[in-house]
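Coordinates in review
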Amino acid sequence: MRSARTTRTARTARTTRTGAALLLAASALLLGGAGAAAADDASPSPGASDDGGQGPTEAGTSFRTAQLFQAGQHATADASSGDYLYWRVPVDAGRRPTVTAKVTFPASSVRSGDTTWQVDVYDGLRRRQPCRYGAQTKTLAPDQDTVELRCALRTVRAWAEPWSDDPLPGDYYVRLTAVGAAQGDLGLPMTADVTLDAPSAGGAFAVGGRLGAPLVPGAALSGDGDDSASADSTDSAGPGSGDPVVGGSDDGSDASSSPAVETVAQPADAPDGGWSSGWWTDRWLWTGGGAVAAALAGIGGYHVTRPRRRPTPPPGY
């Protein structure tokens, strides 16, 4: 009797150890794949560039001619005060963009009064996005040569209701201009430096659903979206529509033949790593870890609370 009971106890313990080992192996496999996926997703992160962040050296003067650069790069342009300068940056879902713009006047520049500068950010539907924080508008005194503006946007969502103005994946347009300047201070030479950082916001901001196509120019032409996205992309807005780029050649060519417009309808307008590259969130870790912990707790609880069956003695014992 004691031998049978010992054999049954050993078999039960061996089964419990085998089940626990299988669960631990499954959890290790899950966490290992999660780490690899997170590393793969973090390696092409658009929050920083590998080459030091050098972007275009010119700016557009409308939505149509906005110059493309990647998050983490520095876009520069030599222009004049009073110009409308446009750039565009592809931003994927789950990112939290922050735009920083710096305006610098030469030391020899002489201004008669204060100049107010402003940076605005528009999404792929040309909707002006509000800044969560940051000095979006600043005034530059005559004795100052540099002013820096900043605008931190909300987290880009993978999907949103049609009536909402939540930021969605696609191109984000950055417009820099002087909104208040004396007439005699317009046309003075200046240099603009714009950058956009887009770190990941984490799984806490992940939502279900996704767009049929990112809000980029020419998405419908490349077969990745519908006609409405293309129509929103090709309509120009703002002053200077159709103007050539600033800082480039001034040979008199219009926007229809400028190199900036030729890149508008290309499907290559995507962040580093492609669209929806941020499919991985830390919610997978919490879900997998919770499932493994629940399974282990169930096995342990059963092992502790299972009834102790006493063997029935043979007749006549």
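What comes next concerns the included structure.

Rules and cut-offs
- Residues numbered from 1 in each chain as written.
- Predicted model: local features only at pLDDT ≥ 70, side-chain atom pairs only at ≥ 80, totals over all residues.
- Heavy atoms only, no water.
- Helix = DSSP H or I, 4+ residues; strand = E, 2+ residues; numbered from the N terminus.
- Contact = heavy atoms within 4.5 Å.
- Areas by Shrake-Rupley, 256 points an atom, 1.4 Å probe, with all protein chains shown as cover.
- Pairing = 2+ DSSP bridges.
- Axes fitted to C-alpha atoms, helices over the stretch in contact; angles between N-to-C directions.
- Disulfide = S-S within 2.5 Å.
- Salt bridge = Lys/Arg side-chain N within 4 Å of Asp/Glu carboxyl O.
- Buried < 20%, exposed > 50% of the residue type's maximum accessible area, 1.4 Å probe, protein only.

**Some points on the overall build of the protein**
For the protein, the helix and strand inventory stands at 4 helices and 9 strands. Along the chain direction, N to C, the helices and strands of the protein fall in the order α-β-β-β-β-β-β-β-β-β-α-α-α. Across the protein, contacts joining residues at least 24 apart in sequence account for 75% of those joining residues at least 6 apart. Per element, the accessible surface of the protein, about 16600 Å² overall, is 56% carbon and sulfur.

**With respect to the sheet that holds strand E4 (residues 98-104)**
Strand order in this open sheet of 4 strands is E2-E9-E4-E7, and the pairing throughout is antiparallel. Strand pairing shows two members of the sheet lacking a second neighbour, strand E2 (74-80) and strand E7 (146-152), which therefore form its edges. Across the sheet, the mean angle from the axis of one strand to that of its neighbour is 15°, orientation sign disregarded. Sheet topology places E4 next to strand E9 (residues 189-197); 7 bridges connect them, and they run antiparallel. For Thr100, the partnering residue across the bridge sits in E9 and is Thr195.

**Notes on the state of the cysteines**
Scanning the model with the defined rule gives 1 disulfide in all. Across the disulfide from Cys131 sits Cys151; the S-S distance is 1.9 Å. On the sign convention where negative means left-handed, the S-S torsion of about -100° between Cys131 and Cys151 marks this disulfide as left-handed. With Cys131 in the loop between strand E5 (115-122) and strand E6 (137-140) and Cys151 in strand E7, this pair connects stretches of sequence that are 20 residues apart.

**Thoughts on the environment of Ala204**
Counting through the fold element by element, Ala204 comes out in the loop between E9 and helix H2 (227-234). When the C-alpha positions of Ala204 and Gly94 are compared, they lie 9.4 Å apart, and in sequence the two are 110 residues distant. Dropping the residues within four chain positions of it, Ala204 is found in contact with Asp282 and Arg283.

**Brief notes about the side chain of Ser81**
Summarising the element assignment, Ser81 is placed in the loop between E2 and strand E3 (85-91). Every residue in contact with Ser81, bar those within four places of it in the chain, is listed here: Phe105, Trp117, Asp185, Leu186, Gly187, Leu188 and Met190.

**A short note on the pattern of salt bridges**
Pairing of side chains with opposite charge becomes possible as their charged atoms draw close. Scanning all chains against the criterion turns up 8 salt bridges. Across the salt bridge formed by Asp171 and Arg88, the nearest N and O atoms sit 2.7 Å from each other. With Asp171 in strand E8 (residues 170-180) and Arg88 in strand E3, the pair connects residues that are 83 residues apart, well separated along the chain. Of the charged contacts, one joins Asp120 and Arg175 as a salt bridge, the two residues approaching to 3.2 Å between their closest N and O atoms. One end of the pair, Asp120, is in strand E5; the other, Arg175, is in strand E8, with 55 residues separating them in the sequence. Accessibility classification places Asp120 together with Arg175 in one group, the buried group. A single network of salt bridges, built from pairs that share partners, joins Arg154, Arg157, Asp165 and Asp166.

Shape is all these values report; function is a separate question.
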